[in-house]
Amino acid sequence: QTGGRPIAPNLATCHKSLSDAGRPVFCCPPKRESEESVIDFKFPSPSTPKRIRRPAHLVDDDYLAKYQRGVTLMKQLDTSDPRNFMRQANIHCIFCTGAYTQVNSSHLLNIHRSWFFFPWHRLMIYFHERILGKLIGDDTFALPYWNWDNPPGMIIPHYYMNGSFVDKDRDHAHLPPQVADISFDYVESGLGPEEQIESNLHFMYHQMVSGAKKVELFMGCKRTAGEEGECDGPGTVEVAPHNALHTWVGSNLQPERENMGAFYSAARDPVFYAHHANIDRLWTVWRKLRGNVPEIVDPAWLDSYFYFHDENAQLVRIKIRDALDMDKLGYGYEDIDLPWLNARP
Ligand code: C2O
């Protein structure tokens, strides 16, 4: 079914917004983005080497030293630079708490709990990755993915305990070597490591296979211009493991389980980017399981567009239709087993 108009943010409207618990938050950029020059997105040249994202539990020390240097440099940039780490985190706050109004509409723009969930987060971490690569002078740099759907990856990767990867606002009972409960809902499962792993694999099978047989079940409901608030149907994986792990990682001592547990603060924790790399990867896995047919051909989705700053701090306008082909975007994922694929409950 097609119909409805594409969504886009009105950059002149950034304003105070509300946290998940309804507390006022302000995450707008210091300078009005509507006064910056904007270019339309162009794919990187096909001759540039591909960035291959690897599982976080398998990366080596040289890679980690580079990645860590990138995060440190990002944190050191002035906040007037949109590539600054906190500014990067605030993009998530802006789009996930409704800090922009939609173009030609008085409705707020929010990208969660709908069919914008996968492509918008893909783009956010895509530009983040390119910025890191630029800061460390490596145009093959690729983010790691937190492979929490695979037993050896079911703990917070150890390196998040070091240097600029640390976030003190995490639930201390969930730090390594605690096995993650990927369907966590504020209550401890009480399972031992073996049972938790079992339960996680069955859960993955449901969220990726048996419970995700229809496009809307996986991608989330259709949301078009002016309809903010009307469509409220997150996809299987968005609810959990996605939301569940945000909550699980965030601090039990903070009112909204900040940082990871709340939209406005989630991307302040460096683990956010590896979490979302895995979400992004699972989108491609789900797509492959259905034979790589385009999941959505509705122009209201394909023509919706967003803005991000690229590695040169240039504001770029990009449509969802340009976010669908990883090859063209210049990155990919190292293949790994899908142990849940045969874990029919
Ligand atoms: Cu916009 Cu992981 O959330």
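Preceding block: the structure.
Residues numbered from 1 in each chain as written. Predicted model: local features only at pLDDT ≥ 70, side-chain atom pairs only at ≥ 80, totals over all residues. Heavy atoms only, no water.

1. Regarding the packing of helix 6 (residues 236–249) against helix 7 (residues 271–289)
Orientation of helix 6 relative to helix 7, taken along the N-to-C sense of each, is 165 degrees, at an axis distance of 11 Å. Judged by the angle between their axes, helix 6 and helix 7 are roughly antiparallel. When the axes of helix 6 and helix 7 are compared, the crossing they make is right-handed. Only Val271, Phe272, His275, His276 and Ile279 of helix 7 make contact with helix 6, whose side of the interface consists of Val237, Pro241, His242, Leu245, His246 and Val249. Taken together, the residues that form the contact of helix 6 with helix 7 break down as seven nonpolar, four polar and no charged. (Axes fitted to C-alpha atoms, helices over the stretch in contact; angles between N-to-C directions. Helix = DSSP H or I, 4+ residues; strand = E, 2+ residues; numbered from the N terminus. Parallel < 35°, antiparallel > 145°, perpendicular 65-115°, else oblique. Left-handed = near helix turned anticlockwise from the far one by under 90°. Contact = heavy atoms within 4.5 Å. Nonpolar A, V, L, I, M, F, W, Y, C, P; charged D, E, K, R; others polar.)

2. As for the packing of helix 4 (residues 193–210) against helix 7
Where helix 4 meets helix 7, the closest approach of the two axes is 10 Å, and the angle between their N-to-C directions is 55 degrees. When the interaxial angle is binned, helix 4 and helix 7 end up oblique. Taking contact as the criterion, the partners of Met204, Met208 and Val209 in helix 4 are, on helix 7, Leu282, Val285, Trp286 and Leu289. The residue inventory of the contact of helix 4 with helix 7, partitioned by class, reads seven nonpolar, no polar and no charged.

3. Details of the sheet that holds strand 4 (residues 38–40)
The three strands are arranged 4-8-7 in an open sheet whose pairing can be described as mixed. With one partner strand each, in any of the chains shown, strand 4 and strand 7 (305–309) form the two edges of the open sheet. Looking at each pair of strands side by side, their axes are set apart by 35 degrees on average, direction ignored. Pairing geometry for strand 4 and strand 8 (residues 315–319), over three bridges, is parallel. When the bridges of strand 8 are listed, Ile39 appears paired with Val316. (Pairing = 2+ DSSP bridges.)

4. Concerning the pairing of strand 8
For strand 7 and strand 8, the ladder comprises five bridges, and the chain directions are antiparallel. The residue of strand 8 that forms the bridge with Tyr307 is Arg317. Hairpin connection from strand 7 to strand 8: five residues lie between these consecutive antiparallel strands, with Ala313 at a positive phi of about 65 degrees.

5. Some remarks on unusual backbone geometry
Omega for the bond connecting Ala240 with Pro241 falls within 30 degrees of zero, at 10 degrees, which places this linkage in the cis form. Along the chain, Pro241 falls in helix 6. Glu258 connects to Asn259 through a cis peptide bond whose omega is 0 degrees. If you trace the backbone, Asn259 turns up in the loop between helix 6 and helix 7. Positive phi, normally seen in glycine, also occurs at Tyr186, with a value near 70 degrees. Given the relative accessible area of 57%, Tyr186 is considered exposed. Not every positive phi belongs to a glycine, and Asn292 is a case in point at roughly 60 degrees. (Buried < 20%, exposed > 50% of the residue type's maximum accessible area, 1.4 Å probe, protein only.)

The values are spatial; any link to function lies outside them.
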